[in-house]
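# Observations on the three-dimensional arrangement
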Amino acid sequence: MPTTRAQEAAEKRNLRSHQQTEDQKQAAASKPVSKGKKRASPRKPASMKKTRVKKEASPEVGEKREPGAEDKKEEPPAKKAKTEENQKVEDQSAAKEEGSEDADADSNKENAPAKRHPAESMYQAGTIERGHIYFFYRPKVELEEAHSLDDVQRFYMLLVPRPPQFASPGSSGGTQSKDDDEDQEMNLIESGADAVPATEPKDQSKKRFRLLIIGKKGLPDPEAGGGGAGGGRKQVFWAAVSSIGEDLKKLEEGLGPKEYETKTRGTRHQAAARLAARGAYAIVNNENAGTPSQRETHFGYHLSHPDDEHFGEVQQTLGIHKASSFVLQVKNPLAPPSGPAQVGLPKGQRAEYPEEIMEGVFGKGGKRGRESYGLRFAPVERRELLDHEGAELLFIAARSGQEGLETSLGEGRGHALEEAEKDEGKETMDEVMQEIAMDDGKNPADPLEGEWA
């Protein structure tokens with residue numbers, strides 16, 4: 001039976017539709033199916049959607065269709081599990097790091113030093129200063145010479161601080177060889193080297209110095225008792241820092257001859273100060289003090305001039321030993337005068353320390369001691385305590401002689417000073433005067449030979 005054109009067209013449409021269906025089945029069969037994939041919910045008709053849907057062109061037969069958002073497959077379970085496991089490990093690692101940081105913070109808190117008393121940070125143990133020491137005396141007014149202690153108006157102690165000998169740039173004398181470096185390294189570890197001052201340069205008018213006035217016109221004898229119960233109390237003497245500076249020419253003028261006018265006696269004359277002894281000194285704070293109350297400052301010196309042959313009546317009368325040591329203390333400027341004689345400077349002449357020292361060293365404000373001003377006396381916990389004019393010092397006689405000096409300073413410092421001063425004892429009197437930029441004609445050095453002048 002012959003077919004019409006309409007029948008042929010309908011048959012072609014059926015074949016095309018059947019071919020499309022077969023292609024779609026094959027494509028679906030080739031795609032992996034996720035076991036955990038949820039059944040897709042029925043799609044809402046386009047008429048019920050609020051958003052516009054862009055009309056897409058129908059794909060031709062055999063054309064590969066790009067998957068849309070609705071065709072994206074869920075992650076395979078294995079991959080998902082692996083991702084979750086990695087995330088879990090990362091979370092655990094982060095938590096571990098946070099825990100470690102917390103533990104480190106707690107450990108740092110535990111290991112951090114406890115908050116210390118202000119006085120603890122002020123204390124400097126070991127040798128806090130070393131240098132050269134010079135003793136002068138001045139005859140009384142209208143006396144050109146002194147022949148005994150009764151003729152002495154003032155007794156002075158001049159301190160010229162110096163760096164340690166092993167650290168002095170000029171101690172090796174120019175370019176150093178390898179052997180010199182090794183020698184210097186040996187000096188660093190030699191016992192007591194920190195107490196030996198560097199060589200004093202000559203004819204330099206600019207040097208830091210500290211001039212003290214000794215109250216009793218002489219040093220106490222460490223071997224003599226001070227009148228306490230059983231004679232066991234040590235002798236003491238007072239001193240005050242009268243001037244601090246760097247101009248030795250002004251110092252020479254201050255210690256030189258003076259002339260002044262008075263209303264009752266007219267013009268008065270006073271002779272220049274005389275040099276009676278020269279040596280090296282060291283100030284040492286004990287290093288084994290467990291508590292602030294156990295701290296002590298030791299002041300010790302060893303003479304280079306005069307030598308044993310010329311050590312005579314002048315030195316003996318002024319209480320100057322070849323080697324000696326004292327316990328050194330500083331008086332609180334807020335404390336009232338002490339002792340039956342009410343010893344101490346007037347308020348207007350006392351040192352003015354900063355609050356840091358007043359609180360940290362003396363304990364002002366009830367931090368140390370029983371009084372509101374704190375301790376009446378304190379060791380020289382820092383060198384700065386001596387660098388104020390009007391500072392009042394208490395010297396308590398400790399020991400004399402070479403062995404006594406070593407016992408007080410410790411760590412071989414006494415022996416090191418002895419050896420150093422043996423070498424410096426070879427200097428002439430002129431060279432000694434040049435160290436402090438003084439003229440022997442203005443400030444006689446004759447007493448270095450043991451005789452009054």
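Residues numbered from 1 in each chain as written. Predicted model: local features only at pLDDT ≥ 70, side-chain atom pairs only at ≥ 80, totals over all residues. Heavy atoms only, no water.

## Examining the pattern of salt bridges
- Applying the stated criterion to the full structure yields 21 salt bridges.
- Ionic pairing is found between E129 and R383, a salt bridge with its closest N-O pair at 3.9 Å. Of this pair, E129 sits in strand β1 (residues 126-139) while R383 sits in the loop between β10 (377-379) and β11 (392-400), and the two are 254 residues apart along the sequence.
- Here E424 ties to R278 by a salt bridge, and the two come within 2.7 Å at their closest N and O atoms. Of this pair, E424 sits in helix α9 (residues 413-424) while R278 sits in strand β7 (residues 274-285), placing them 146 residues apart in sequence. (Salt bridge = Lys/Arg side-chain N within 4 Å of Asp/Glu carboxyl O. Helix = DSSP H or I, 4+ residues; strand = E, 2+ residues; numbered from the N terminus.)

## Some points on the pairing of strand β2 (residues 152-162)
- Taken across its eleven residues, β2 has nine buried, putting it largely inside the fold.
- Relative to strand β3 (residues 206-214), β2 is paired through five bridges, and the arrangement is antiparallel. Counterpart to M157 in the pairing with β3 is L212. (Buried < 20%, exposed > 50% of the residue type's maximum accessible area, 1.4 Å probe, protein only. Pairing = 2+ DSSP bridges.)

## So, the environment of R130
- Inspection of the secondary structure puts R130 in strand β1.
- Counting along the chain gives 152 residues from R130 to A282, while the straight-line C-alpha distance between them is 4.2 Å.
- With near-sequence residues (within four places) excluded, R130 lies in contact with P161, R162, P163, P164, D194, A195, V196, P197, Y281 and A282.
- Only 2.9 Å separates the side chain of R130 from the backbone oxygen of D194, close enough to count as a polar contact. (Contact = heavy atoms within 4.5 Å. Polar contact = N/O pair within 3.5 Å; in protein donor to acceptor, adjacent residues only side chain to side chain.)

## Thoughts on the packing of helix α8 (residues 401-409) against α9
- α9 packs onto α8 with a crossing angle of 130° between their chain directions and a minimal axis gap of 7 Å. On the basis of the axis angle, α8 is oblique to α9. Contact residues: α8 offers Q402, E403, L405, E406 and L409, while α9 offers R413, G414, H415, L417 and E418.
- Residues of the contact of α8 with α9, tallied by class, amount to three nonpolar, three polar and four charged. (Axes fitted to C-alpha atoms, helices over the stretch in contact; angles between N-to-C directions. Parallel < 35°, antiparallel > 145°, perpendicular 65-115°, else oblique. Nonpolar A, V, L, I, M, F, W, Y, C, P; charged D, E, K, R; others polar.)

## Brief notes about the packing of aromatic side chains
- Counting across every chain of the model gives ten aromatic pairs.
- When the ring of Y137 is compared with that of W452, the centres are 5.3 Å apart and the planes differ by 75°; the resulting orientation is edge-to-face. On the criterion of sequence distance, the pair formed by Y137 in strand β1 and W452 in the segment after α10 (429-435) is long-range, its members being 315 residues apart. Here the two residues Y137 and W452 agree in accessibility, since each one is buried.
- Within the aromatic cluster, the residues linked to one another by ring pairs are F237, Y281, F299, F326 and F395. (Phe/Tyr/Trp six-rings, centres within 6.5 Å; stacked < 30°, edge-to-face > 60°.)

## Focus on the side chain of E252
- Summarising the element assignment, E252 is placed in helix α5 (residues 248-255).
- Of the residues examined, E252 reaches a relative accessible area of 8% and is grouped as buried.
- Setting aside residues up to four positions removed in sequence, E252 forms contacts with A437, M438, D439, K442 and N443.

## Let's talk about α9
- An ideal rise of 1.5 Å per residue puts 16 Å on twelve residues; α9 measures up with 16 Å between its terminal C-alpha atoms.
- Lining the buried residues of α9 we find β1, β7, β8 (297-305) and α8. (Expected span 1.5 Å × (residues − 1).)

## Considerations on α8
- Among the residues of α8, Q402, G404, L405, E406, S408 and L409 are the ones counted as buried.
- On the buried face of α8, the contacting elements are β7, β8, β9 (323-331), β11 and α9.
- Directly after α8, the chain includes G410, whose backbone phi takes a positive value near 70°.

## Focus: the side chain of H132
- Mapped onto the elements, H132 comes out in strand β1.
- Look at H132 and you get buried, because its relative accessible area is 0%.
- Among the polar contacts made by the side chain of H132, one reaches the side chain of E200 at a distance of 2.6 Å.
- Side-chain polar atoms of H132 contact the side chain of E424, separated by 3.1 Å.

## Quick word on unusual backbone geometry
- Residue P306 is bonded to the preceding H305 through a cis peptide linkage, with omega at -5°.
- Residue E411 is not a glycine yet carries a positive backbone phi of 55°.
- One can find E411 in the loop between α8 and α9.
- The phi torsion at A437 lies on the positive side, around 55°, for a residue other than glycine.
- By the secondary structure assignment, A437 is in the segment after α10.
- Residue A437 is classed as buried on the basis of its relative accessible area of 10%.

## Here we look at the pairing of strand β5 (residues 258-262)
- Relative to strand β6 (residues 266-270), β5 is paired through five bridges, and the arrangement is antiparallel. Bridged to Y260 within β6 is R268.

## Here's the deal with a negative patch on the surface
- A cluster of like negative charges, contributed by E142, E144, E145, E313, D446, E449 and E451, occupies part of the molecular surface.
- By the element assignment, E145 lies in the loop between β1 and β2. (Patch = residues over 30% accessible without salt bridge, like charges linked within 9 Å, V, L, I, M, F, W, Y side chains within 5 Å. Areas by Shrake-Rupley, 256 points an atom, 1.4 Å probe, with all protein chains shown as cover. Lys, Arg positive; Asp, Glu negative; His and termini not counted. Charge placed at Lys NZ, Arg CZ, Asp CG, Glu CD.)

## Some points on the confidence of the model for the protein chain
- Across the protein chain, the average pLDDT comes to 78, with 66% of residues at or above 70.
- Considering only residues more than four positions removed or in separate chains, one finds that residues 77-82, a stretch of pLDDT under 50, has three contacts.
- pLDDT under 50 marks residues 172-178. Its contacts with residues more than four places away, or in other chains, come to three contacts. (pLDDT = per-residue confidence, 0-100.)

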